[in-house]
Each structure stands twice: as C-alpha cells, then as structure tokens.
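A structural walkthrough
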Amino acid sequence: MHAPLSYITPSAHSAWGTYLLQVDRVLPYLGPLARWSETLKHPKRALIVDVPIEMDDGSVRHFEGYRVQHNLSRGPGKGGVRYHPDVTLEEVMALSAWMTVKNAAVNLPYGGAKGGIRVDPRQLSPKELERLTRRYTSEIGFIIGPQQDIPAPDVGTNPQIMAWMMDTYSMNIGATASGVVTGKPIHLGGSLGRVKATGRGVFVTGREAARRIGLNLDGARIAVQGFGNVGSAAAELFTSAGAKVVAVQDHTGTIANAGGMDMADLMAVVRRDGGVGAFTGAERIDDEAFWDTDCDILIPAALEGQITVARANRLKAKLVLEGANGPTMFDADDVLTDRGILVVPDVICNAGGVTVSYFEWVQDFSSFFWTEDEINVRLDKIMVEALRKIWDMADRHRITLRTATFAVACERILMARQERGLYP
Ligand code: NAD
C-alpha cells in the first residue's frame with residue numbers, strides 16, 4: 001500500500017515524481033522482494049538547514065540547505081552537494097534516490113544521499129562561498145561522516161569546496177577525517193582521476209553501447225549539453241577516440257560546427273570565460289536549435305528535465321548518454337524508446353564519478369594511493385561489467401536499459417533490506 005509523503009507534492013514532471021514512476025515500472029521484475037518496495041519511495045532521512053552567513057558588505061543573508069539520506073541499507077550514504085539557485089528539497093530527494101540506485105547498479109557498498117544549497121555560487125565572493133560551505137557543513141555535521149554519509153562535488157561545487165568541508169568537519173571532531181568527503185584536492189587525500197571520472201564513465205558506457213549497436217566512434221558526431229566537469233571530460237575522451245563534437249550548449253549559449261570543434265581551444269575559452277558562448281571556432285545558434293542537431297550521440301550533461309516530449313520527438317541521435325542526473329522526462333523516455341533511440345540511463349551512465357569517489361574513500365582509509373592508470377583500468381572494468389549485467393537483464397525481459405538498471409539495483413537494495421530486517 002503506497003503511503004504518500006506529506007511534505008512534498010510531486011508531479012509527473014518533477015524530479016521526485018519521475019523517480020516514483022521509474023520505481024513503479026520496475027516492480028514487476030522484483031519478484032517477492034517487491035514486498036519491500038515502499039522503502040524505495042520513502043527517504044530515510046531529510047534534513048533542512050538554515051545557513052546564515054555574513055556577506056562581505058557586512059549584511060547577513062540566510063540560505064536554505066539540505067541533506068537527504070534516501071536509503072542506507074547497503075552502507076553509508078554517498079552523493080554530491082549541489083549549489084544552484086533552483087535547488088529544492090524535492091530535487092535533492094530525487095537526486096539522493098538516484099544515488100541509491102546508481103551505487104547499487106555498480107555494486108558499491110553505499111546507500112544513496114545528496115545535498116544542496118539554494119544559492120547561485122557565481123554571485124558570491126570566494127570568502128562568502130567559504131563561509132557558506134563551512135556553516136552548511138557544520139549544520140549537517142551530525143549526520144555526515146566517513147562511516148555515515150560521504151558528500152562529493154556536483155553542479156556548482158568543486159575540489160576547493162570539498163577541502164573546506166573536510167577541514168570544517170575535521171575541526172569540529174578534532175581529528176583529520178579525510179574520508180568524510182570525496183572529490184578533494186590530490187594532496188588532501190583526493191584521488192587521481194576523480195575530476196574526469198564521471199566523464200570517463202560516460203565515455204566507457206557510451207563506447208560499449210556504441211559497439212553493441214554497431215555505431216563506429218571514429219567520425220561519430222556528438223552533441224553535448226553542459227560543458228562543465230562531466231560534459232567537457234566526456235567530449236574530450238570521445239574526441240580522442242575519433243569522434244567529433246558538432247554542437248555544445250551551456251548556460252552562456254549554444255555553438256555548432258558540423259566539421260567538429262577543437263577541444264583544446266574550446267577548453268581554453270571555458271577556463272577563461274566560464275562558458276562556451278564566446279568560442280570563435282563554431283557558429284552561435286539559437287538555444288532551441290540544439291535539439292535539432294544532426295548527430296549520432298547526444299550527451300545531456302547539464303541539469304534535470306531537459307529532454308521533454310517535444311524535444312524527444314525532434315532528436316536525430318541514435319544514442320543518448322545521460323551524463324546529467326534525470327535529464328529525460330518520464331514520458332519523453334517512452335518517446336525515445338518508441339523511436340528506437342537507445343538511452344544509456346544516468347543511473348549507470350554517470351556512475352563513473354561515484355566509483356572513483358569510492359576508490360578515493362578506500363585509499364583514504366588505507367592511506368595508500370594508486371596510480372592514475374590503476375584508477376582508470378579499475379573504473380573501466382567496473383563500468384563494463386555493470387553494463388554487461390544490465391544489458392543481459394534488458395535482453396532477458398525485453399525492457400529498456402533504464403528499467404533494467406533499476407531492476408539490477410533494486411534487487412540488491414531490497415535484498416539488503418530483507419536480510420537486515422526491520423529494526424527493532
Ligand atoms: P558543472 O557545474 O561542472 O557543469 C554544469 C554545466 O551545465 C555547465 O557547463 C553549465 O553551463 C551547464 N548549464 C547549467 N544550466 C544550463 C542550462 N540551463 N542550459 C544549458 N546548460 C546549462 O556540473 P557537473 O558536475 O558537470 O554536473 C553536470 C550534471 O552531471 C549534473 O546533472 C550532475 O548531477 C551530473 N553528475 C555530476 C557528477 C560529478 O562527478 N560532477 C557525477 C554524476 C552526475
């Protein structure tokens with residue numbers, strides 16, 4: 001019997017609403033474990049915190065912060081922290097739930113969690129950003145920890161912010177706790193390969209999916225939405241494999257070049273300006289025209305809800321690689337399936353980041369650090385093996401890769417739930 005939550009009202013188009021529909025779709029494949037499925041629809045713990053800080057001009061501003069631990073059956077919570085003006089409790093709940101599924105899909109010993117602050121970090125000075133991060137970390141400090149819940153970077157956060165979180169938590173407990181966050185700078189216990197790991201995972205799953213559908217990467221045309229951490233790293237790796245990036249969109253505009261763009265030049269512009277808008281090696285086009293790009297592979301790597309039904313009907317790609325979390329609306333997903341466009345879903349496609357975060361956490365505990373080659377080889381192996389299991393599940397039941405990923409993951413989550421039993 002489904003008991004709706006009283007504290008949010010999801011719609012079919014909201015992130016949490018989308019997640020609930022995705023769960024409903026997997027129930028027929030869970031067998032007797034479906035008995036425990038309500039646990040997937042109820043976040044274990046949702047914390048809302050007030051984050052007051054003193055601004056550089058002496059005024060005081062209050063920001064709303066969140067940390068949601070969706071499910072801890074398989075281990076400590078794990079998931080990023082997002083700084084963005086549109087962050088809401090409902091969005092963080094959905095992102096935390098997708099982390100539960102993602103961590104189980106790649107079989108990491110973690111539950112799912114996520115955090116965020118409703119703020120535009122670009123409007124804050126570095127000192128204000130530091131005060132915001134330190135106060136937020138202190139406010140959520142009693143539910144995070146190396147064995148409880150381990151934050152990491154997401155949209156709008158980066159290794160510097162992770163360093164401040166690690167330092168604040170460590171100061172509060174009186175000991176250096178490098179394992180409390182991942183995605184840290186290298187000399188503070190960060191891992192080689194972490195910055196590009198999510199993009200690398202998008203590349204590895206994309207490479208495997210392309211091979212299975214007979215799409216040659218050499219000369220393949222790629223369109224990328226979002227050219228931040230995930231989108232840029234994925235674009236670079238695909239380019240190295242012979243593909244060409246023909247369109248890029250970010251918050252500063254949309255650019256296109258059917259002949260392909262020079263990634264090193266584009267990266268230099270992004271480092272200089274913080275966006276792709278002023279890049280001269282491509283033509284500036286209308287933002288909406290991005291979705292009509294003639295391409296073989298589309299990589300949404302920005303935010304949720306970008307592929308609507310209308311856009312899904314226009315896409316020309318054969319393969320969609322969900323670098324972002326929740327980029328495809330629930331009903332748009334069905335349009336893509338009907339149109340024969342293969343979607344490698346977020347819950348496996350962008351799992352490379354959390355996989356190397358797991359490596360970082362393990363390295364911090366053992367104080368023994370691996371080479372970048374070791375990291376990349378292990379990442380590749382885990383992603384390929386996880387995708388193979390998911391593909392087998394999809395073939396066996398004739399279901400989409402998304403439902404198959406949920407099936408593989410939810411079986412692991414609910415099995416853990418059943419084996420642990422209900423307390424008390
Ligand atoms: P980021 O902040 O580094 O980059 C975000 C990018 O999206 C930027 O290029 C920005 O310009 C662009 N963007 C923002 N609003 C946009 C809009 N309205 N239209 C077009 N582009 C827009 O963030 P990131 O870490 O690369 O994360 C991107 C996505 O990948 C998010 O959905 C995030 O949850 C997901 N993700 C990130 C990681 C990670 O390790 N960083 C891991 C898994 C999933």
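Residues numbered from 1 in each chain as written. Predicted model: local features only at pLDDT ≥ 70, side-chain atom pairs only at ≥ 80, totals over all residues. Heavy atoms only, no water.

**With respect to the overall build of the chain**
- Helices and strands together make up the secondary structure of the chain, namely 13 helices and twelve strands.
- What you see for the chain is a C-alpha radius of gyration of 21 Å, in line with the 22 Å of a compact globule of 424 residues.
- Reported as C-alpha extents along the three principal axes, the dimensions of the chain are approximately 55 × 55 × 45 Å.
- Here the chain holds 424 residues, and the buried ones make up 59% of them.
- Sequence-distant contacts, at least 24 apart, represent 69% of the contacts inside the chain between residues at least 6 apart.
- Total accessible area computed for the chain in this model is approximately 17,100 Å², and 52% of it derives from carbon and sulfur atoms.
- Where the 45 positive side-chain charges of the chain centre and where its 49 negative ones centre are 5 Å apart. (Helix = DSSP H or I, 4+ residues; strand = E, 2+ residues; numbered from the N terminus. Rg over C-alpha atoms; globule rule 2.2 N^0.38 Å. Buried < 20%, exposed > 50% of the residue type's maximum accessible area, 1.4 Å probe, protein only. Contact = heavy atoms within 4.5 Å. Areas by Shrake-Rupley, 256 points an atom, 1.4 Å probe, with all protein chains shown as cover. Lys, Arg positive; Asp, Glu negative; His and termini not counted. Charge placed at Lys NZ, Arg CZ, Asp CG, Glu CD.)

**Re the pattern of salt bridges**
- Counted under the stated rule, the structure contains 30 salt bridges.
- Ionic pairing is found between R388 and E385, a salt bridge with its closest N-O pair at 2.8 Å. One end of the pair, R388, and the other, E385, are both in helix α12 (residues 372–397), three residues apart, so they sit about a helical turn from each other.
- Among the residues examined, E385 registers a relative accessible area of 33% and is labelled partly exposed.
- Through salt bridges that share partners, R82, E91, K114, D154 and E304 make up one connected network. (Salt bridge = Lys/Arg side-chain N within 4 Å of Asp/Glu carboxyl O.)

**A short note on the sheet that holds strand β5 (residues 149–153)**
- Pairing is mixed in the open sheet, where five strands are placed in the order β1-β2-β4-β3-β5. Each end of this open sheet is capped by a strand with a single partner; those strands are β1 (45–54) and β5. Sheet twist, expressed as the mean angle between neighbouring strand axes with direction ignored, is 25 degrees.
- Of the pairings in the sheet, the one linking β1 to strand β2 (residues 60–71) comprises ten bridges and is antiparallel in character. Note that in β2 the partner of R45 across the bridge is Q69.
- The strands touched by helix α2 (residues 89–105) are β1, β2, β3 (77–84) and β4 (112–118); relative to β4, the strand with the most contacts, the crossing angle is about 150 degrees.
- Against the sheet, helix α3 (residues 126–140) touches β1, β2, β3 and β4, its axis set at about 145 degrees to β1. (Pairing = 2+ DSSP bridges. Axes fitted to C-alpha atoms, helices over the stretch in contact; angles between N-to-C directions.)

**Some points on the environment of L422**
- Relative to the helices and strands, L422 resides in the segment after α13 (401–420).
- The class for L422 is exposed, based on a relative accessible area of 59%.
- Between the C-alpha atom of L422 and that of V276, which follows or precedes it by 146 residues, the distance is 51 Å.
- When sequence neighbours within four positions are dropped, the list of residues in contact with L422 reads W36 and R417.

**A few points about the site of the ligand**
- The immediate surroundings of the ligand are formed by 22 residues, with D154, T198, F227, H251 and N325 found nearest.
- Between the ligand and F227 there is a distance of 2.9 Å, counted from an oxygen atom to a backbone nitrogen or oxygen.
- The separation between an oxygen atom of the ligand and a polar side-chain atom of N325 is 2.8 Å.
- When the ligand is considered free in solution it has 820 Å² of accessible area, and contact with the protein chains removes 84% of it.
- Of all elements in the fold, only α6 (229–240) and β7 (244–250) reach the threshold of two or more residues within the shell around the ligand.
- Among the residues forming the shell around the ligand, the class breakdown is seven nonpolar, eleven polar and four charged.
- Both domains that furnish three or more residues to the shell around the ligand are identified here as domain 1 (43–178) and domain 2 (197–349). (Near = heavy atom within 4 Å. Polar contact = N/O pair within 3.5 Å; in protein donor to acceptor, adjacent residues only side chain to side chain. Nonpolar A, V, L, I, M, F, W, Y, C, P; charged D, E, K, R; others polar. Domains from an automatic or database assignment.)

**Notes on the nonpolar core**
- Ranked by internal contacts, the top residues of the largest apolar core, which has 94 residues, are Y19, F238 and I299.
- Per-element tally for this core: the top contributor is α2, with eleven residues.
- Split by domain, this core shows at least three residues from each of two domains, domain 1 (43–178) and domain 2 (197–349).
- The residues touching I299, leaving out its near neighbours within four places in the chain, are V202, I222, A223, V224, Q225, A234, F238, L321 and G323.
- Judged by nonpolar contacts, the second largest core, of 26 residues, contains V51, M55, F63 and Y169. (Core = buried A, V, L, I, M, F, W, Y, C linked by side-chain atoms within 4.5 Å.)

**What about the side chain of T168?**
- Mapped onto the elements, T168 comes out in helix α4 (residues 159–173).
- Of the residues examined, T168 reaches a relative accessible area of 6% and is grouped as buried.
- Within the structure, T168 has its side chain in polar contact with the side chain of R134 (distance 3.0 Å).
- Those residues in contact with T168 that lie beyond four places of it in its chain are R134, T137 and S138.

**Let's talk about helix α11 (residues 352–366)**
- Relative to the 21 Å expected for 15 residues at 1.5 Å per residue, α11 spans 21 Å between its end C-alpha atoms, a close match to the ideal helical length.
- Of all 15 residues in α11, eleven are buried, a share of seventy percent or more.
- Residues of α11 that are buried in the fold lie against β3, α2, β5, α5 (197–212) and α12. (Expected span 1.5 Å × (residues − 1).)

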